[in-house]
Amino acid sequence: MFSLEVLAVLMLLSFFVLLLAGIPVALTLAISGFVFGYLGFGALLFNLLPHRLFGVVTNSTLLAIPLFVFMGMMLERSRLAEDLMDVIGHLAGSLRGGLGIGIVVVGVLMGATTGIVGATVVTLGLLTLPGMLRRGYNKGLACGVICASGTLGQIIPPSLILILLADIMNESVGTLFAAAMLPGLLLAGLYCVYILIVGMLRPDDVPVIPEEERAMLSNAQLAAKLVKVVAPPVGLVGAVLGSIIAGIAAPSEAASMGALGSIVIAGVTGRLSWQVVRETCQATLKITAMMMFILMCAQVFALAFRGLQGERLVHDLFAFLPGGIWADIWFLMFIIFVLGFFIEWIEISYIAVPLFLPVFAAANVDMVWLAALICVTLQTSFLPPPFGWALFFLRGVAPPEVTTGDMYRGVIPFVGIQIMGLVLVFMYPGLATWLPRAIGW
């Protein structure tokens, strides 16, 4: 009754309809894939499905995901962020806007350890927002700093999305980790510059921490806490990422070292208990099971879409776009940005990216650079009102005096900074490609 291309379009439309109806994403992928794949080919097409599912569950690269999740959850459950904020807040307290810059630094460190946006935003919101408001920080700016810093885990290695993109794009995990390092630090640096500019133009919005509060810790005490609190997680992240990027260890081996190291850090700091271990294992199991279930259901969708000639349909769509391959890249970024309002990065990685990837492969686009652009775009999609996931996470823990309007106004400048960072990475591909080439990848 319908051509294969029409069925492919209807399958995409049904996916979004089911998604808007509130059906879980994994089931939405499987239902739309099974129904339209069956309409196009009957049961014959799905004879290939067991082979694809076996490829997912036996992929050794994906083994790093639960281990990195365990590392991050162990450090979070051991109240690492609370100690980091205490030390960095005192270090930067004499600088106007220093507390905001301290939050950005903690966001970078938590992004490199936890890597889970929701957990980072909620943790930073609970620990820092009441204190920032008490010290006279502008409500909107405080919310914007927390949301933007919390999303750095999308791009700061060892980001889980980089592991998935490495699998999808057939690139080395270490290469993508190295490629994302400079763009991630660039965004953090732009945040800090913005906060300093606000401190010069609107000093009342970012007051310094009172001197009597900073005097509670002597320089010797502060140095001791700096070594005890900041050095262990920084050393752990450096060892994990360094071993991967240097080619000493495979991602799964480095991740297992990171998981063990997080247990050691929690034990040395006196935070390791049976309750912490149990909560960490439960959270790791839930997150990993959710991710793997989505990946397996995405195989159904991808198999049906490819069988229905969906890839050729996408190729023809790009052929109609004026501007050549550069316009195609920006179109992909726009699609990912909009999809980020409604679905998680896991589904975007395994649906949107594979659909468009053959077009860029045929045009010899640098996949390492493209992966960095995708990560920056996904991070940006967490912020814009009214759909930004980071806003929803922060709204759940924000004090009653912080309105939704405050949050929207505060996050808009950081959305602009994100877009600026995306443009810089697009215009200067070396930001993503220099480090991998410098270390010989």
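Criteria and thresholds
Residues numbered from 1 in each chain as written. Predicted model: local features only at pLDDT ≥ 70, side-chain atom pairs only at ≥ 80, totals over all residues. Heavy atoms only, no water. Helix = DSSP H or I, 4+ residues; strand = E, 2+ residues; numbered from the N terminus. Rg over C-alpha atoms; globule rule 2.2 N^0.38 Å. Areas by Shrake-Rupley, 256 points an atom, 1.4 Å probe, with all protein chains shown as cover. Axes fitted to C-alpha atoms, helices over the stretch in contact; angles between N-to-C directions. Parallel < 35°, antiparallel > 145°, perpendicular 65-115°, else oblique. Left-handed = near helix turned anticlockwise from the far one by under 90°. Contact = heavy atoms within 4.5 Å. Nonpolar A, V, L, I, M, F, W, Y, C, P; charged D, E, K, R; others polar. Buried < 20%, exposed > 50% of the residue type's maximum accessible area, 1.4 Å probe, protein only. Expected span 1.5 Å × (residues − 1). Arc of directions from axis to C-beta. Patch = residues over 30% accessible without salt bridge, like charges linked within 9 Å, V, L, I, M, F, W, Y side chains within 5 Å. Salt bridge = Lys/Arg side-chain N within 4 Å of Asp/Glu carboxyl O. Phe/Tyr/Trp six-rings, centres within 6.5 Å; stacked < 30°, edge-to-face > 60°. pLDDT = per-residue confidence, 0-100. Core = buried A, V, L, I, M, F, W, Y, C linked by side-chain atoms within 4.5 Å. Polar contact = N/O pair within 3.5 Å; in protein donor to acceptor, adjacent residues only side chain to side chain.

(A) Quick peek at the overall build of the chain. A count of helices and strands for the chain gives 21 helices and zero strands. Relative to the globule expectation of 22 Å for 441 residues, the C-alpha radius of gyration of the chain, 22 Å, shows essentially globular dimensions. In terms of overall dimensions, the chain has C-alpha extents of about 75 × 45 × 45 Å along its principal axes. Split by element, the accessible area of the chain, about 18,200 Å² in all, is 70% carbon and sulfur.

(B) View of the packing of helix H14 (residues 274–307) against helix H17 (residues 345–362). Packing of H14 against H17 brings their axes to within 9 Å, and their N-to-C directions diverge by 25°. By the angle between their directions, the pair H14 and H17 is classed as roughly parallel. Seen along the crossing, H14 lies across H17 with a hand that is right-handed. Mapping the contact onto sequence places Met290, Met291, Ile294, Leu295, Ala298, Gln299, Phe301 and Phe305 in H14 and Trp345, Ile346, Glu347, Tyr350, Ile351 and Leu355 in H17. A per-class count over the contact of H14 with H17 returns 12 nonpolar, one polar and one charged.

(C) Geometry of the packing of H17 against helix H18 (residues 367–381). Close contact between H17 and H18 brings their axes to 12 Å; oriented N to C, the two are set at 145°. In this structure, H17 meets H18 at a crossing whose hand is right-handed. Residues Trp345, Ile348, Val353, Leu357, Phe360 and Ala361 of H17 form the contact with H18, whose own contacting residues are Met367, Leu370, Ile374 and Leu378.

(D) Summary view of the environment of Gln309. Here Gln309 is to be found in the loop between H14 and helix H15 (310–320). On the basis of relative accessible area, Gln309 is assigned to the partly exposed category, the value being 30%. Residues Gln309 and Leu165, 144 residues apart in the sequence, show an inter-C-alpha distance of 23 Å. Among all residues touching Gln309, those that are not within four sequence positions of it are Leu4 and Glu5.

(E) Expanded view of helix H16 (residues 324–339). Between its first and last C-alpha atoms H16 spans 23 Å; for 16 residues at 1.5 Å apiece the expected length is 22 Å, and the two agree. The complete set of buried residues in H16 reads Asp328, Ile329, Leu332, Met333, Ile336 and Leu339. Each buried residue of H16 lies within a common arc of 140° when the element is viewed along its axis, so the set occupies one face.

(F) Representation of a nonpolar patch on the surface in the model. Taken together, Leu27, Ile31, Val35, Leu39 and Phe293 make up a surface patch of nonpolar side chains, about 440 Å² in accessible area. Looking at the nonpolar patch, the element that brings in the most residues is helix H2 (residues 25–41), giving four residues. With respect to the helices and strands, Phe293 occurs in helix H14. Taking the relative accessible area as the measure of exposure, Phe293 reaches 43% and is therefore partly exposed.

(G) View of the packing of aromatic side chains. Summed over all chains, the structure comprises nine aromatic pairs. Look at Phe331 and Phe356: their rings are 6.5 Å apart centre to centre, the planes differ by 65°, and that puts the pair in the edge-to-face class. Here Phe356 lies in helix H17 and Phe331 lies in helix H16, a separation of 25 residues in the sequence. Here Trp369 and Phe426 contribute two aromatic rings whose centre-to-centre distance is 5.6 Å and whose plane-to-plane angle is 35°, an arrangement assigned as tilted. Of this pair, Trp369 sits in helix H18 while Phe426 sits in helix H20 (residues 404–427), placing them 57 residues apart in sequence. In textbook terms, an aromatic cluster arises when at least three aromatic residues are bridged by ring pairs, as seen for Trp326, Trp330, Trp369 and Phe426.

(H) Expanded view of the pattern of salt bridges. Applying the stated rule across the entire model yields three salt bridges. Ionic pairing is found between Arg437 and Asp366, a salt bridge with its closest N-O pair at 3.5 Å. Here Asp366 lies in the loop between H17 and H18 and Arg437 lies in helix H21 (residues 430–438), a separation of 71 residues in the sequence.

(I) Here's a closer look at the confidence of the model for the chain. Per-residue confidence for the chain gives a mean pLDDT of 81; residues scoring 70 or more make up 92%. Confidence, expressed as mean pLDDT per element, reaches its minimum in the chain at helix H11 (residues 211–214) with 65 and its maximum at H20 with 92.

(J) Summary view of the nonpolar core. Ranked by size, the top nonpolar core spans 147 residues in total, and within it Phe68 and Leu370 carry the most contacts. Broken down by element, this core gets its largest block of residues, 14 residues, from helix H10 (residues 173–201). Within the second largest apolar cluster, five residues are counted, among which are Phe70, Met74, Ala259 and Ala266.

(K) Highlighting the side chain of Gln418. By the secondary structure assignment, Gln418 is in helix H20. The class of Gln418 is buried, set by a relative accessible area of 0%.

(L) Molecular detail of the side chain of Asp406. Here Asp406 lies in helix H20. Residue Asp406 is classed as buried on the basis of its relative accessible area, which comes to 12%. At 2.7 Å, the side chain of Asp406 forms a polar contact with the side chain of Arg409. Not counting the four nearest positions on each side in its chain, Asp406 is found in contact with Lys139, Gly140 and Glu401.

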